[in-house]
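Chain by chain, the residues run as shown.
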Amino acid sequence: MNSVNGPSSPQLAKIASRILAGSFLFEDLDPELLEQLSSQATVRRLEDGQLLFEKGAPADGLYAVEAGKVRISSVSETGKEIVLNVLAPGAVFGEIALLDGEPRTASARAVGPTRTLFISRDDFFEIFDREAPLRRHITALLCRRLRWVSDLLEDANFLDLTARLIKRILWLAERHGGPDPEGIRIALPLSQQELGLMLGVTREAVNKKLRELEKQGMITRRDGRLIIKDSDGLKQLLADAIKN
C-alpha cells in the first residue's frame, strides 16, 4: 500500500472536509469540528484488488473513499464471501472498529485504482475526548446504524430474493442515482456477481431476477449500469412482497 503520511496539507484538508461533511457519519457536524478532523487526514493509495484491511485486523483509524471503490465483505468459516457494501467516492467507513477498538468486523478491498483518506484512531480520539458535540453526534449515528443492521436481518428472514433485490436497487438509487432519459441511472457500476454477494446468492440467481424485472419494464441495463424505468412500480412490488 502506498501512503502519504504526515500533517494534512491545506488542499488535502479541504478535500477531506468536503467528503466528511457529505458523509452519513459527519453530516450536519459543526464546521469547526470538521476542520479539526480534516486537518488530520492523510492519503492511502491502492491498486485494483489490493487489501486495505482484513476482518480481524487491529483498528487503526477511519477511512473515506476519495476516488475509486472499496468493497466491504466478510467470509464465513466455510469460505463463502458476503459483500456487505460497495463504497463509492464520498463514503466514510471503518467507524465500528475506530470507536470500540476491537478488531475489524469485515474486510475492505479496492475495486479498481483507489485513493482513500485516513484519520488515525489516536488523532480522532484526541478530538473526540475533548469535544462533547462530537460525542453526541456519534451516539446518534450509532443508533441509526443499529437500525440499519436490524433492517438487514429482517430482510434476510422475511423477504424473498426478488424483494431483497428490489430493496437493494432502490437503496443504491437513493445514494448513487441520477437523472437519465429512461428514468434513474445508478452511477455506481456493479456486476451481477457483486449484487449476488451483497444478497448472499449466486450471480445466476441475480441475473434471473434482473431479467424478470426487465421484462416487467421496471429496469434496464446499459453500459454496465442499472437504470430504473419505473421507480413507483418497483416500490409497489416491494410493498406487495412485504404485505405477503
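To start, this report covers the structure provided alongside it. Remember, it's a predicted structure, so these values are computed and weren't measured experimentally.

### Quick notes on helix H9 (residues 231–243)
In step 1: With 13 residues, H9 should cover 18 Å at 1.5 Å per step; its first-to-last C-alpha distance of 19 Å lies within 8% of that length.
In step 2: Inspection of H9 places Gly 233, Leu 234 and Leu 238 among the buried residues, and these make up the whole buried set. Axial view of H9: buried residues confined to an arc of 135 degrees, hence all on one face. Projecting away from the buried face of H9 at angles above 90 degrees are the exposed residues Asp 232 and Lys 243.
In step 3: If you check the start of H9, you find a side-chain oxygen 3.4 Å away from the backbone N of Asp 232, and it comes from Asp 230.

### Thoughts on the layout of surface pockets
In step 1: Approximately 1,600 Å³ is the volume found for the largest pocket.
In step 2: Taken together, 48 residues form the lining of the largest pocket, with Leu 84, Asn 85, Arg 145, Trp 148 and Trp 171 sitting closest to its centre.
In step 3: Elements with a minimum of two residues in the lining of the largest pocket: strand E5 (81–87), strand E6 (92–93), helix H3 (95–100), helix H5 (132–158), helix H6 (161–176) and helix H7 (192–199).
In step 4: The residue inventory of the lining of the largest pocket, partitioned by class, reads 27 nonpolar, nine polar and 12 charged.
In step 5: Lining the lining of the largest pocket are residues from two domains, each supplying at least three of them: domain 1 (10–140) and domain 2 (159–243).

### Section: unusual backbone geometry
In step 1: Of note, Asp 223 is a non-glycine position whose phi angle comes to about 55 degrees, a positive value.
In step 2: Of note, Asp 223 is situated in the loop between strand E10 (219–222) and strand E11 (225–228).
In step 3: Overall, the relative accessible area of 67% leaves Asp 223 in the exposed class.

### Here we look at the sheet that holds E10
In step 1: Here we have four strands laid out as an open sheet, ordered E8-E9-E11-E10, and antiparallel in their pairing. Looking at which strands have only one partner, the edges of the open sheet turn out to be strand E8 (177–180) and E10. The sheet shows a mean angle of 35 degrees between the axes of neighbouring strands, taken without regard to direction.

Cut-off values and rules
Residues numbered from 1 in each chain as written. Predicted model: local features only at pLDDT ≥ 70, side-chain atom pairs only at ≥ 80, totals over all residues. Heavy atoms only, no water. Helix = DSSP H or I, 4+ residues; strand = E, 2+ residues; numbered from the N terminus. Expected span 1.5 Å × (residues − 1). Buried < 20%, exposed > 50% of the residue type's maximum accessible area, 1.4 Å probe, protein only. Arc of directions from axis to C-beta. Polar contact = N/O pair within 3.5 Å; in protein donor to acceptor, adjacent residues only side chain to side chain. 1 Å grid on protein atoms, 1.4 Å probe; cavity = no way out; pocket = protein on both sides within 12 Å on 5 of 7 lines; lining within 4 Å. Points joined across faces, edges and corners; volume = space filled by probe spheres on them. Nonpolar A, V, L, I, M, F, W, Y, C, P; charged D, E, K, R; others polar. Domains from an automatic or database assignment. Pairing = 2+ DSSP bridges. Axes fitted to C-alpha atoms, helices over the stretch in contact; angles between N-to-C directions.

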